[in-house]
Amino acid sequence: MCSIRSFTTDDMFNFNQVNLDMLTETYNLPFYLKYLACWPEYFLSAQAPNRECMGYIMGKAEGVGENWHGHISAVTVSPRYRRLGLAATLIKCLEDITEQVHDGYFVDLFVRVSNLLAINMYKKFGYVVYREVIGYYAAEESAYDMRKAMRRDKDKKSMIPLKHPIYPEDLECD
């Protein structure tokens, strides 16, 4: 049993056991605060009955025209709460916000090309590899830009994979 609720600044004191996991990208405090201030509807926390942080998701709305979309910046679940469907629940919440609040065309995310576990999980949730971004992670490792069309993209044009990789400086949004 858990509850999904809006992330608060106090949650930053309780999510270390989630963030210290080796599969989790960890950011600096201003990064988290920017997301909390600019896109609070996209920053959600999953809490156990004892108020322990089980996981969280943070994202944003960005783009213009048919590139208007929701972006998953981070989704992570504490190792002790994995394999319970929590990541799927958090991602579904972000997808619902993208459709109902922002009327986005798609949701996207970036994932390390070496993180096969995550790539396969996202594929199970309906995401496809749209393109590769060479040197996305501190120029050391490439990323896949994975996408899932929302109902506004009736023809699913946002999911048609590009044939050639790009570089981080070629990304339309940051």
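None of these values were measured; they are calculated from a predicted model. (Residues numbered from 1 in each chain as written. Predicted model: local features only at pLDDT ≥ 70, side-chain atom pairs only at ≥ 80, totals over all residues. Heavy atoms only, no water.)

## Some words on helix α2 (residues 29–38)
Those residues of α2 lying buried are Tyr32, Tyr35 and Leu36. Buried residues along α2 cover an arc of 100 degrees about the axis, so they all sit on one side. Exposed residues pointing more than 90 degrees away from the buried face of α2 are listed as Pro30 and Ala37. The inward-facing, buried residues of α2 abut α1 (16–19), β3 (53–62) and β4 (69–77). Near the N-terminus of α2, the side chain that reaches the backbone nitrogen of Phe31, with its oxygen 3.0 Å away, is that of Asn28. (Buried < 20%, exposed > 50% of the residue type's maximum accessible area, 1.4 Å probe, protein only. Helix = DSSP H or I, 4+ residues; strand = E, 2+ residues; numbered from the N terminus. Arc of directions from axis to C-beta. Contact = heavy atoms within 4.5 Å. Polar contact = N/O pair within 3.5 Å; in protein donor to acceptor, adjacent residues only side chain to side chain.)

## A closer look at the confidence of the model for the chain
Mean pLDDT over the chain: 92, with 99% of residues reaching 70 or higher. The weakest mean pLDDT in the chain belongs to α1 at 81; the strongest belongs to helix α3 (residues 86–100) at 97. (pLDDT = per-residue confidence, 0-100.)

## Observations regarding the sheet that holds strand β6 (residues 128–137)
Strand order in the open sheet made by the 7 strands is β1-β2-β3-β4-β5-β7-β6, with mixed pairing throughout. In this open sheet, the two strands that pair with only one neighbour each are β1 (3–6) and β6. Put simply, the sheet's adjacent strands are angled 25 degrees from each other on average, direction ignored. As paired elements, strand β2 (residues 44–47) and β3 share 4 bridges and run antiparallel to each other. Opposite Gln47, over in β3, you have Cys53 as the bridge partner. Packing of α3 onto the sheet brings it into contact with β1, β2, β3, β4, β5 (106–112) and β7 (141–149), and relative to β4 it is tilted by some 160 degrees. On the sheet, helix α4 (residues 116–124) packs against β4, β5, β6 and β7 and is oriented at approximately 165 degrees with respect to β5. (Pairing = 2+ DSSP bridges. Axes fitted to C-alpha atoms, helices over the stretch in contact; angles between N-to-C directions.)

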